[in-house]
Amino acid sequence: MIVSKAEFIKSSGSFRESPEGNIPEYAFLGRSNVGKSSLINMITGRKKLAKTSSAPGKTRLINHFLINDTWYLCDLPGYGFAKVSATIKGKWEKMIKDYLLRRPNLVCSFILIDLRHGPMKNDMAFLEWIGENQVPFCIIYTKADKISRSRRQQYVSAYEKKLSAMWSPLPKYIISSSSNPEGRDEILGFISECNKQFYGSE
Ligand code: GTP
Ligand code: MG
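Rules used in this analysis
Residues numbered from 1 in each chain as written. Chains lettered and ligands numbered in written order. Predicted model: local features only at pLDDT ≥ 70, side-chain atom pairs only at ≥ 80, totals over all residues. Heavy atoms only, no water. Helix = DSSP H or I, 4+ residues; strand = E, 2+ residues; numbered from the N terminus. Expected span 1.5 Å × (residues − 1). Buried < 20%, exposed > 50% of the residue type's maximum accessible area, 1.4 Å probe, protein only. Arc of directions from axis to C-beta. Contact = heavy atoms within 4.5 Å. Core = buried A, V, L, I, M, F, W, Y, C linked by side-chain atoms within 4.5 Å. Axes fitted to C-alpha atoms, helices over the stretch in contact; angles between N-to-C directions. Parallel < 35°, antiparallel > 145°, perpendicular 65-115°, else oblique. Left-handed = near helix turned anticlockwise from the far one by under 90°. Nonpolar A, V, L, I, M, F, W, Y, C, P; charged D, E, K, R; others polar. Near = heavy atom within 4 Å. Polar contact = N/O pair within 3.5 Å; in protein donor to acceptor, adjacent residues only side chain to side chain. Areas by Shrake-Rupley, 256 points an atom, 1.4 Å probe, with all protein chains shown as cover. Salt bridge = Lys/Arg side-chain N within 4 Å of Asp/Glu carboxyl O. Pairing = 2+ DSSP bridges.

Visitor: How should I be thinking about helix α2 (residues 86–102) in this particular structure?
Guide: Residue pairs three or four apart in sequence face the same way in an α-helix, which turns once every 3.6 residues. With 17 residues, α2 ought to run about 24 Å at 1.5 Å a step, and its terminal C-alpha atoms sit 24 Å apart, in line with that. Buried within α2 are the following residues: Trp 92, Met 95, Ile 96, Tyr 99 and Leu 100. On an axial view of α2, the arc spanned by its buried residues comes to 125°, and they lie on one face. In α2, the exposed positions that point more than 90 degrees away from the buried face belong to Ala 86, Thr 87, Lys 91 and Lys 94. Along its buried surface, α2 packs onto β1 (6–12), β2 (25–30), β3 (62–67), β4 (71–75), β5 (106–114) and α3 (121–132).

Visitor: Any chance you could explain the nonpolar core here in plain terms?
Guide: If you look at soluble globular proteins, the nonpolar side chains tend to sit buried side by side. If you look at the biggest cluster of nonpolar residues, it comprises 33 residues, and the most contacted ones within it are Tyr 99, Leu 100, Ile 111, Phe 126, Ile 130 and Tyr 141. Of all elements in the fold, only β2, α2, β5, α3, β6 (137–142) and α4 (149–163) reach the threshold of two or more residues within this core. Leave out the neighbours within four places in its chain, and Ile 130 touches Leu 100, Ile 111, Val 135 and Phe 137. Ala 50, Ile 67, Phe 110 and Leu 188 belong to the second-largest nonpolar core, a separate cluster that totals 26 residues.

Visitor: Where do I start with the packing of α2 against α3 in this structure?
Guide: To characterise two packed helices, one gives the angle between the axes of the helices and the distance between these axes. Between α2 and α3, whose axes approach to 11 Å, the crossing angle comes to 30°. It follows from the interaxial angle that α2 and α3 lie roughly parallel. At the point where α2 passes α3, the crossing takes the right-handed sense. On α3, the residues touching Ile 96, Lys 97, Leu 100 and Leu 101 of α2 are Phe 126, Trp 129 and Ile 130. Here the contact of α2 with α3 is composed, by residue class, of 6 nonpolar, no polar and 1 charged.

Visitor: Whenever I open this one, the site of ligand 1 confuses me. Can you help?
Guide: Contacts to ligand 1 come from 22 residues, most closely from Lys 36, Ser 38, Gly 57, Asp 145 and Ser 178. Here Asn 33 contributes a backbone N or O atom positioned 3.0 Å from an oxygen atom of ligand 1. For ligand 1, an oxygen atom lies 2.8 Å from a polar atom in the side chain of Thr 59. For ligand 1, the accessible surface in isolation is 650 Å², of which the surrounding protein chains cover 85%. Within the shell around ligand 1, the residues separate by chemical class into 2 nonpolar, 14 polar and 6 charged.

Visitor: Help me out: how do you make sense of the pattern of salt bridges in this one?
Guide: Pairs can form between side chains of opposite charge whenever their charged atoms are close. Under the definition given, this model contains 9 salt bridges. Close ionic contact of Arg 116 with Asp 114 constitutes a salt bridge, the shortest N to O distance being 2.8 Å. With its nearest N and O atoms 3.5 Å apart, the salt bridge here joins Lys 196 to Glu 193. With a gap of 3 residues between them, Lys 196 and Glu 193 both fall in helix α5 (residues 184–199), about one helical turn apart. Note on Lys 196: relative accessible area 32%, which makes it partly exposed. Residue Glu 193 is classed as partly exposed on the basis of its relative accessible area of 43%. Several salt bridges share partner residues, and in doing so they unite Lys 5, Glu 7 and Asp 69 into one network.

Visitor: How should I be thinking about the sheet that holds β2 in this particular structure?
Guide: Strand pairing in a sheet is mediated by backbone hydrogen bonds. Such pairs are either parallel or antiparallel. Taken together, the 7 strands give an open sheet; going across it, the order is β1-β3-β4-β2-β5-β6-β7, and neighbouring strands pair in mixed fashion. Each edge of the sheet is formed by a strand with only one pairing partner; in this case those strands are β1 and β7 (173–175). Strand-to-strand, the axes of this sheet are offset by a mean angle of 25°, without reference to chain direction. Judged from the 4 bridges that link them, β2 and β4 form a sheet pairing that is parallel. Note on β4: the bridge partner recorded for Phe 28 is Asp 75. With respect to the sheet, helix α1 (residues 36–44) is in contact with β1, β2, β3, β4, β5 and β6, its orientation differing from that of β4 by roughly 150°. Along the sheet, α4 makes contact with β5, β6 and β7, crossing β7 at roughly 155°.

Below is the structure:
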């Protein structure tokens, strides 16, 4: 898929304020600083579409981007890790979970996990919640440029070992890096297939 148009539509404090949900939508989720906003910029080929920062806790609202006039990308705040108060973390968590449960046009949630850090408690807890609530998802391992190619499979296997306690078959995953657009074609290809199913074309 070629991204010929990518525009910021709006930031919302709750799913209720989101733009009308009549076209397919894909959400980016994961711990603060995992690389959600950077990945949105990478796959759209626009360096400054979503705001990024080396300090965790940059994205604080639900942000909608309209792509090729036909589908939405949604950038969300991170869970865990961000240096904000427990009250704000709780508010973000409720905002994210309400959005995931109530957004009618959400086709797939991309759950981003930093490949380097090993399976973390809050990633596992979030995935468990996703499973219990039957939210469709795909895992994207991020920052692959930080690990040598030869050691990647080792890291993926460590996750899969943990995930196998919860999932059979294991969830689909894509390995990505925003610094050398690895994973871009695979992510866009996946979205393109999902869009075809949504619109019911061949
Ligand atoms: P919050 O909005 O705070 O939840 O974070 P986020 O998940 O949106 O992360 P963001 O995209 O802002 O990136 C966080 C930091 O990681 C930034 O300093 C990015 O430059 C860096 N980063 C993101 N993706 C990659 C990647 O693939 N490789 C490397 N090396 N750095 C990355
Ligand atoms: Mg962000």
